[in-house]
Amino acid sequence: MLILLPPSEGKTAAAKGHPFDLQELQFSELNPAREEVLTALAHISNSPDALAQLGVGASLAAEVERNTRLRDEPSAPAHTVYSGVLYDALGYRTMTATQKRKADAAVVVISALWGAIGFADSIPAYRLSMSVGLPETGKLASYWKKRLNETLDAHAEGHLLVDCRSSTYSAAWTPEPARTVVVNVFQERNGKRTVVSHFAKHTRGELARHLLTRRGKAPETPAALLKAAQEVWHAELVDGTARKAHALNIVLGE
């Protein structure tokens, strides 16, 4: 089983530590592309219209400025740098050593800067969304889609993929539908279901934690994933097609 996560918008910068080393990141074959995006990001972040180009407000000016010196910034494991609702719910810090090793092996984060990284990879805090287009690369979702397929298809071979990404990050890589389950979260009130964004992030984080900390064998099929989810939530499985992934729908009550 592999769990696909988006990065968090906000990130917790490492207070100390060595700068990142591309050669130590998982999926090293992506390093030439990572170098290109790093250079392009530093260039645009140093421009007068950097905030507008990166789609952020003035309150994030310091984070954008940090983009200009990422190669010298201290780094920390991705599970520490990425923060926010989903990652708080996943709760890596409170896992046992065995559970942490399982998470390090199972979690892949799809990133606008790195393409894809492992959960234990050391990275600096940065500010860049997959929805951004850089002059040197164009739209990052399209840029990475051309480069992630071969690498991630090979890494995912034989695994069930639990896809907890947002649509923005899903655009960068489309795994084989037959072994992919997209996680959706709904709230049901008075018999009516609505999509919930904040609770979706939280619930996807909780699902990831449940899958990584529960006893027993990791799910290997969509049906087994449904059974694992039903240990905690009301959940339903919508079968996929030749071109569309399966869907695990978690339904939250009032």
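Conventions and cut-offs
Residues numbered from 1 in each chain as written. Predicted model: local features only at pLDDT ≥ 70, side-chain atom pairs only at ≥ 80, totals over all residues. Heavy atoms only, no water. Phe/Tyr/Trp six-rings, centres within 6.5 Å; stacked < 30°, edge-to-face > 60°. Helix = DSSP H or I, 4+ residues; strand = E, 2+ residues; numbered from the N terminus. Buried < 20%, exposed > 50% of the residue type's maximum accessible area, 1.4 Å probe, protein only. Lys NZ or Arg CZ within 6 Å of the ring centre and 35° of its normal.

**Considerations on the packing of aromatic side chains**
Scanning all chains against the criterion turns up seven aromatic pairs. With a centroid separation of 6.4 Å and 85° between ring planes, the pair formed by Tyr82 and Tyr126 is classed as edge-to-face. Of this pair, Tyr82 sits in the loop between α4 (78–81) and α5 (85–90) while Tyr126 sits in the loop between β5 (122–123) and β6 (133–134); the two residues are 44 residues apart in sequence, bridging distant segments of the chain. Tyr82 gets classed as buried once you look at its relative accessible area, which sits at 2%. According to the relative accessible area criterion, Tyr126 is buried, its value standing at 1%. On the numbers, 5.7 Å between centres and 85° between planes, the contact of Tyr92 with Phe119 is edge-to-face. Placement of Tyr92 in the loop between α5 and α6 (97–106) and of Phe119 in the loop between β4 (115–118) and β5 is noted, with a sequence separation of 27 residues between them. Grouping residues by exposure puts Tyr92 and Phe119 together as buried. Three or more aromatic residues link up through ring pairs in this structure, and these residues are Phe20, Tyr82, Tyr87, Tyr92, Trp114, Phe119 and Tyr126. The ring of Tyr143 has Arg147 sitting right over it, with the charged end atom 3.7 Å from the ring centre.

**Overview of unusual backbone geometry**
Of note, the phi angle at Phe27 is positive, near 60°, even though the residue is not glycine. Looking at the element boundaries, Phe27 is found in the loop between β1 (2–5) and α1 (31–45). Looking at Phe27, the relative accessible area reads 7%, which means it is buried.

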